[in-house]
Amino acid sequence: MSTSASVPLLEVRQIQKFFPIKTGIFSKVTGHVHAVDGVSFSIKKGETLALVGESGCGKSTVGRSILRLFDLTSGEVILDGTRIDSLSASALRPLRKRIQVIFQDPFSSLNPRMRVHDIIAEPIRNFGLASDQEQIKARVVQLLDKVRLPKDAGERWPHEFSGGQRQRICIARALAAEPDLIICDEAVSALDVSVKAQIVNLLQDLQKELGLALLFISHDLAIVEHMTHRVAVMYLGRIVELADRTELFSNPQHPYTTALLSAVPVPDPKKKAHRIVLQGDVPSPVNRPSGCHFHTRCPDVMDICKVQEPRQTIMPSGRMVACHLRQV
Ligand code: SF4
């Protein structure tokens, strides 16, 4: 099914994922980890949305929820008009190919006992995207070329490649399914700086060529600044600000976004904004602070923040921010 540029390819509506904490020999549920709590966003065809935040904020759980690696506690995930969060495994199967994933660790995400050709050929076979061996072979060579690996890479084993090259193999495997959306879950975090830039450039080129949508999950705002269209900032399971990249980076509205951006390295230290060092650690998603969950670390905290949760306010520019300082 084709998707018009103005209609979202993917819609995530108010999703929640709470993991039960079980204790004792009877596995009694004694609490919940509130990993994701009321997250909503959409992604258009050909668009990149970055999901950013500190480790443990729930961003990877959002990605895994979209992939149906586990069931949601509540909420909806809609792909091209079809609700996929409640589909049976058999009904989901034809839609699975449309969303692919690239994980952080290219070392553990490739089967060491399979040659690269077979790794890339697997989704082509599984989704019935070629009619015979010759077609599969030709398609694998084409995909290796797309990710700028030599033709003979198919005959080699994953351990013969560097981290960056392995991530290119993971990208080729994702592309083999002919997806509309790729979830990049910290896909460049484990790589050296120069390799990071090469992989980001490759993803951008492929996006332009193939019209792919990307959900780019990362804690690295310096990378995100150069590759995304919009940014959603998460804190303790919730999106606290969502805006166009340029607006967010030039004029953050949520104190948490401001703090995160103040820590991003800039080439000219004279242009560096005053660094805001947040006090303390991210609170536990089991016992979240009352009111605004960020109030225990916020430099601008007010009395109301401790008791009342701020609404998600849509500003005239279309930016969403959840902070009592920005309520209209
Ligand atoms: Fe800070 Fe209050 Fe805004 Fe929360 S609502 S971010 S505590 S000012």
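What counts as what
Residues numbered from 1 in each chain as written. Predicted model: local features only at pLDDT ≥ 70, side-chain atom pairs only at ≥ 80, totals over all residues. Heavy atoms only, no water. Helix = DSSP H or I, 4+ residues; strand = E, 2+ residues; numbered from the N terminus. Polar contact = N/O pair within 3.5 Å; in protein donor to acceptor, adjacent residues only side chain to side chain. Contact = heavy atoms within 4.5 Å. Core = buried A, V, L, I, M, F, W, Y, C linked by side-chain atoms within 4.5 Å. Buried < 20%, exposed > 50% of the residue type's maximum accessible area, 1.4 Å probe, protein only. Patch = residues over 30% accessible without salt bridge, like charges linked within 9 Å, V, L, I, M, F, W, Y side chains within 5 Å. Areas by Shrake-Rupley, 256 points an atom, 1.4 Å probe, with all protein chains shown as cover. Salt bridge = Lys/Arg side-chain N within 4 Å of Asp/Glu carboxyl O.

**Student:** Would you explain the side chain of T228 in this entry?
**Tutor:** Inspection of the secondary structure puts T228 in the loop between α7 (221–224) and β9 (230–235). Reaching out from T228, the side chain makes a polar contact with the backbone nitrogen of A50 at a distance of 3.2 Å. In contact with T228, other than residues within four places in its own chain, are T48, L49, A50 and R245.

**Student:** Could you clarify how one ought to interpret the nonpolar core in this entry?
**Tutor:** The nonpolar side chains of a soluble globular protein tend to be buried with one another. Residues I102, I120 and I171 are the most contacted members of the largest nonpolar core, which totals 60 residues. Of all the elements, helix α5 (residues 163–176) adds the most residues to this core, at seven residues. Discounting chain neighbours no more than four positions away, the residues touching I171 are I102, V147, I199, L202, L203 and L206.

**Student:** Sorry if this is basic, but what is going on with helix α3 (residues 116–126) here?
**Tutor:** Residues three or four positions apart in an α-helix share a direction because the helix packs 3.6 residues into each turn. Along α3, the residues classified as buried are V116, H117, I119, I120, A121, P123 and I124. Residues of α3 that are buried make contact with α4 (133–146) and α5. At the exit of α3 stands G128, carrying a positive phi of roughly 60°.

**Student:** How should a nonpolar patch on the surface be read in this particular structure?
**Tutor:** A cluster of nonpolar side chains, contributed by M302, I304, V307 and L325, occupies part of the molecular surface with about 330 Å² of accessible area. As for its position among the elements, V307 is in helix α10 (residues 303–307). On the basis of relative accessibility, which here comes to 68%, the residue V307 falls in the exposed class.

**Student:** What is the right way to read the pattern of salt bridges from this model?
**Tutor:** Where charged atoms of side chains with opposite charge meet at close range, the side chains can pair. Inspection of every chain in the model, using the stated rule, returns 21 salt bridges. Here R319 makes a salt bridge to E241, at a shortest N to O gap of 2.4 Å. Here R319, found in the loop between β11 (313–314) and β12 (320–321), pairs with E241, found in strand β10 (residues 238–244); they are 78 residues apart in sequence, far enough to count as distant. For E241, a relative accessible area of 0% corresponds to the buried category.

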